[in-house]
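# Chains, contacts and geometry: an overview
What follows is the residue order along each chain.
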Amino acid sequence: MNSLAGKHVLIGITGGIAAYKLPFLVRLLRAQEAEVRILMTPAAEDFVTPLTLAALSGQPVHHHLVDRRADQTAWNNHVAHAEWADLLIIAPATANTLAKAVQGLCDNLVMATYLSAKCPVLWAPAMDLDMYRHPAVRENLKTLSDWGQYVLDSPAGPLASGLSGAGRMAEPETIFHHARRILLASDYWKGKKVLLTSGPTQEALDAVRYITNGSSGRMGDAFAKALSALGAELTWVHGPSTVQTSDLPGVQYVPVQSADEMLEACAAVADLQDIMVFSAAVGDYKPAKLHSGKWKKADGPLELEWVENPDILKTLGQAKKPHQRVLGFALESEWNEAEALRKCESKNADAIVLNQAGDPQGGMHTETNRVALISRTGSTALPVQSKEDVAWNILNWMETTWNL
Ligand code: C5P
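Sequence positions are assigned chain by chain, starting from 1 and proceeding in written order. Local features in a predicted model are, by the rule used here, given only for residues with pLDDT of at least 70; side-chain atom pairs are given and counted only at 80 or more, and totals for whole chains, interfaces and linings are based on all residues. Excluding hydrogens and water, the side-chain figures rest on all heavy atoms present in the structure.

What follows deals with the domain arrangement of the chain. Domain extents, as shown, originate in an automatic or database domain assignment. Per the domain assignment, the segments of the chain are domain 1 (8–184) and domain 2 (193–401). Distance between the C-alpha centres of domain 1 and domain 2: 39 Å. Note on contacts: a residue pair is in contact if any heavy atoms of the two residues lie within 4.5 Å. With six residues of domain 1 at the interface, the matching set in domain 2 holds 14 residues. Buried area counts how much accessible surface, traced with a 1.4 Å probe, disappears from two parts once they are put together, with both parts' losses summed. Of the roughly 820 Å² buried where domain 1 meets domain 2, counting both sides, 54% is carbon and sulfur surface.

Laid out in structure tokens, this is it:
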């Protein structure tokens, strides 16, 4: 479920300036209840203090193969660290560490543990742009990825050297979402092709104005995060929303504005999907004609003629293949299960998520939602919970109900 409780995440920190961002990664993992243990190379300590990391992880930080603190001399058992881990993250991974990993050198605790690890390994390389594009580094990254290890891209941007280019460490949030996908991917969802719509649509009135609705896009964002973590291959067609998690692994982002654009983007990929989730609050109407340029007061009172937008769920629901499943939403001004069932049938959905506008704990603009799943076989009410938990519970319901 939506938690990393019981998961053991081992982080090896090596000596790059981006090490200063590692406390943020530790916080993200701990907030999801993962157990986090940290190993550092001696060079890493120049960039982030073990004390900070020990405080945030709630565990002592290990630095040396032999621990000579106090008056003890203890061998730091790298094999035990490796066996404990469900996932080893090496971040930031310097060019030096990447080369050692490929050569099998283990002159420090991080590398000795890496060589002993049987769990998945996730690399977040970070270095200056010329190092990052050197053939030696390219070859090492390719080798690690050919060995089945997870190697993140190092995005472009300002670098510590003052230069700008590729080589920055992936952001802690990005590393976190990749780690979740490695740890939480399930047999049911792994590789499933899912289409998701979310957010509001905007229908242009003139060159600068548009009409939209109050959808935050939060419910769709919660679905995207959950589907990414569970291992699905997601096409996410999203209207303009400020609540949007970027760089989710396994997600293809397709930004759109109007309902027509949303339908076109969905129709282009619909045949490839196993499951389609329509959580967008699509505007039902658009102006019959776009005013060219900006409508001026001098042009007279603004008068608009409206035409109906296409119903995306209905269009694709009615075209669905026997192996496909479709989930829609119904936001009603009253709690009306009969109306949700009518929508389910008329749009040829397999289930409709009923929620209520104006519900202080559900609907639009809220962090939580109160929903029921309505289908031809009955109704399942879920308790009021965060939109994230609603998404996880709906996906869990699909898994147990839909024979795919
Ligand atoms: O009919 P109503 O708008 O209440 O239906 C809501 C459901 O239909 C949602 O799943 C929404 O994403 C979808 N929908 C759509 N295209 C529209 C209107 C709604 O896909 N034009």
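Let us look at the sheet that holds strand S21 (residues 372–375). As summarised here, the arrangement of the eight strands in space is S14-S13-S10-S15-S18-S19-S21-S22, forming an open sheet in which the pairing is mixed. With partners counted over all chains shown, the strands left at the sheet margins are strand S14 (251–255) and strand S22 (378–381), one partner each. Strand-to-strand twist of the sheet, defined as the mean angle between neighbouring strand axes without regard to direction, takes the value 15 degrees. The pairing of strand S13 (residues 233–238) with S14 spans five bridges and is classified as parallel. Within the sheet, the bridge partner assigned to Trp236 lies in S14 and is Tyr253. The pairing criterion is simple: DSSP has to find at least two bridges between the two strands. A helix here means a DSSP run of H or I that spans at least four residues, while a strand means a run of E at least two residues long, and both kinds are numbered starting from the N terminus. Whenever a helix is involved, its axis is fitted only over the stretch in contact; in every case the axis is a line through C-alpha atoms, and angles between N-to-C directions fall within 0 to 180 degrees.

Right, let's talk about the sheet that holds strand S6 (residues 121–125) for a bit. Ordered in space as S2-S1-S5-S6-S7, the five strands form an open sheet in which the pairing is parallel. In the strand order of this sheet, the two ends are held by strand S2 (35–40) and strand S7 (150–151), each with one partner. Note that S6 and S7 share two bridges and pair parallel. Bridging from a neighbouring strand, Trp123 pairs with Val151 of S7. Strand contacts of helix H8 (residues 172–184): strand S1 (8–13), strand S5 (87–93), S6 and S7, with the helix running at about 160 degrees to S5, the strand carrying the most contacts.

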